[in-house]
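Residue-level structural notes
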Amino acid sequence: MAAIDLVQVGVDYPLYDSRARSLKQAITDLGGRLSRRGDRGRIVVEALRNVTLSLRPGDRVGLIGRNGAGKSTLLKVLAGVYEPSLGRADITGHVASIFSVTMGMDFEATGYENIVIRGVLLGMTFAEARSKIPEIEEFTELGEFLSLPMRSYSSGMVLRLAFAIATGAESDILLVDEVIGAGDTGFARKARERLETTIERAKIMVIATHDEGVVASMCTRAIVLSAGRVAFDGSTQDAIAFYKSSLG
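Summary of the structure given here. Fair warning: this is a prediction, and the values are worked out from it, not measured in the lab.

Conventions adopted
Numbers given for residues are sequential positions, taken from 1 along each chain in its written order. Given that this is a predicted model, residues contribute local features only at a pLDDT of at least 70 and side-chain atom pairs are listed and counted only at 80 or more, while totals for whole chains, interfaces and linings are drawn from all residues. Side-chain descriptors were evaluated using all non-hydrogen atoms of the structure, hydrogens and water having been removed beforehand. Stacked, edge-to-face and tilted are the three classes for Phe, Tyr and Trp ring pairs, Trp counted by its six-membered ring, which pair at centre distances within 6.5 Å; planes under 30 degrees apart are stacked, over 60 edge-to-face, the rest tilted. Only DSSP runs of H or I reaching four residues or more are called helices, and only runs of E reaching two or more are called strands; each is numbered from the N terminus. The buried label goes to any residue with under 20% of its type's maximum accessible area, the exposed label to any with over 50%, and the partly exposed label to all in between, with areas taken from a 1.4 Å probe on protein chains only. Residues belong to one nonpolar core when they are buried, are Ala, Val, Leu, Ile, Met, Phe, Trp, Tyr or Cys, and are joined through side-chain atoms within 4.5 Å. By the convention used here, residues are in contact when the closest approach between their heavy atoms is within 4.5 Å. For salt bridges, the criterion is a side-chain nitrogen of Lys or Arg within 4 Å of an Asp or Glu carboxyl oxygen. Just so you know, the count uses Lys and Arg for positive and Asp and Glu for negative, and it drops His and the chain ends. Throughout this description, a polar contact denotes any pair of N or O atoms lying within 3.5 Å of each other; where both atoms belong to protein, one of them has to be capable of donating a hydrogen while the other can accept it, and for residues adjacent in sequence the pair is counted only when both atoms sit in side chains. When DSSP finds two or more bridges between two strands, those strands count as paired. Axis geometry follows a simple rule: fit a line to the C-alpha atoms, using only the stretch in contact for helices, then measure angles between N-to-C directions, giving values from 0 to 180 degrees.

1. Here we look at the packing of aromatic side chains
- On inspection of all chains with the given rule, the structure shows four aromatic pairs.
- Ring geometry for Tyr 13 and Tyr 82: centres 5.7 Å apart, planes at 80°, overall edge-to-face. Of this pair, Tyr 13 sits in strand 1 (residues 3–14) while Tyr 82 sits in the loop between helix 2 (71–79) and strand 5 (86–92), and the two are 69 residues apart along the sequence.
- Relative to Phe 163, the ring of Phe 139 lies with its centre 6.2 Å away and its plane at 35°, an arrangement referred to as tilted. A residue pair is termed long-range when its members are at least 10 positions apart, and Phe 139 in helix 5 (residues 133–140) and Phe 163 in helix 6 (residues 155–166) qualify at 24 residues.
- Since its relative accessible area comes to 1%, Phe 163 is described here as buried.

2. Let's talk about the nonpolar core
- Core analysis: the largest hydrophobic core is formed by 44 residues, its most contacted members being Ile 64, Ile 98, Tyr 153, Leu 161, Ile 165, Leu 174 and Met 205.
- Among the elements that line this core, the one with the most residues is helix 6, at eight residues.
- Discounting residues that sit within four places of it in the chain, Ile 165 has contacts with Met 105, Asn 114, Ile 115, Arg 118, Gly 119, Leu 122, Met 124 and Ile 136.
- Listed in part, the 28 residues of the second largest apolar core include Val 45, Ala 47, Leu 75 and Leu 175.

3. Here's the deal with the pattern of salt bridges
- All told, the structure shown has 13 salt bridges when counted by the stated rule.
- Note that Asp 5 and Arg 56 form a salt bridge whose closest N and O atoms lie 3.0 Å from each other. Of the two residues, Asp 5 is situated in strand 1 and Arg 56 in the loop between strand 3 (42–55) and strand 4 (60–64); the sequence distance between them amounts to 51 residues.
- Using a relative accessible area of 31% as the deciding quantity, one classes Arg 56 as partly exposed.
- A salt bridge links Arg 160 to Glu 141; its shortest N-O distance comes to 3.6 Å. Pair noted here: Arg 160 is in helix 6 and Glu 141 is in the loop between helix 5 and helix 6, with a separation of 19 residues, a long-range link.

4. As for the environment of Leu 174
- Inspection of the secondary structure assignment puts Leu 174 in strand 7 (residues 173–177).
- Overall, Leu 174 belongs to the buried group, its relative accessible area being 0%.
- For the pair Leu 174 and His 94, spaced 80 residues apart in sequence, the C-alpha to C-alpha distance is 8.7 Å.

5. Comments concerning the side chain of Asp 59
- You can see Asp 59 is positioned in the loop between strand 3 and strand 4.
- Although Asp 59 lies buried, it forms no salt bridge, and the closest oppositely charged side chain, Arg 221, sits 4.1 Å away as judged by the N-O distance.
- At 2.7 Å, the side chain of Asp 59 and the backbone nitrogen of Arg 56 are in polar contact.

6. Some words on helix 3 (residues 111–121)
- Of the residues making up helix 3, those classed as buried are Gly 111, Asn 114, Ile 115, Val 116, Arg 118 and Gly 119.
- In this structure, the buried side of helix 3 is in contact with helix 4 (126–131), helix 5 and helix 6.
- Just past helix 3, the residue Gly 123 takes up positive phi, approximately 105°.

7. Observations concerning the sheet that holds strand 8 (residues 204–208)
- Reading across from one edge, 6-7-8-4-9-10 is the order of the six strands in this open sheet, with mixed pairing throughout. Every other strand in the sheet has two partners, leaving strand 6 (95–98) and strand 10 (229–234) as the edge strands with one partner each. Strand-to-strand twist in this sheet, taken as the mean axis angle between neighbours without regard to direction, amounts to 15°.
- Pairing between strand 6 and strand 7: four bridges, direction parallel. Bridge pairing in strand 7 links Ser 97 to Leu 175.

Shown next, in the form of structure tokens:
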């Protein structure tokens, strides 16, 4: 059964050489708040603090918050990319993430080869990855370019292919960092429809977004993050209202 249980989770980023970078930039990039630890006053960014939540099949959760609130960090904890510095994260089920869609792709390999390479990294067997080729061909509309090295692609073409592969994987838990716009208006509509289909297949979905419309249309629950902490957890309508009031 798919399940997510976080208990008092915290994530700290040590700043080993704070003199070499702007602390203001660090807090903007990583989110949370600054804290000093130890006798030497080592500076860390508390990117998440005391996050407790429980998700079960059927949950469609939106993460709302300002830039640096901790949304992307929380997604990476759920994906297993980050281990909590504090607390416990128990994740059951196969996880697919759509926030580093080009991770693991080889720009010297062809589009066809990358379908297999990336598909296997997403947990497919070689046979399963190869079986995805026809529908990815049709969806991406890349035609003969799929036979060429990916380094010859435009950034939009790379995104089309990466997005098609990522949304073709079967998953129990789907994690999304913003809805991806891939290409012109017509293709972006097609990508949105494909993402919605992928979300329907997943048992649990968590999406971080600044788009209130996405939260209202795709989610059944929303969590507002502020400085790495859960400020509100409830219905999408109430969460959006809470977030708007906090901006004033």
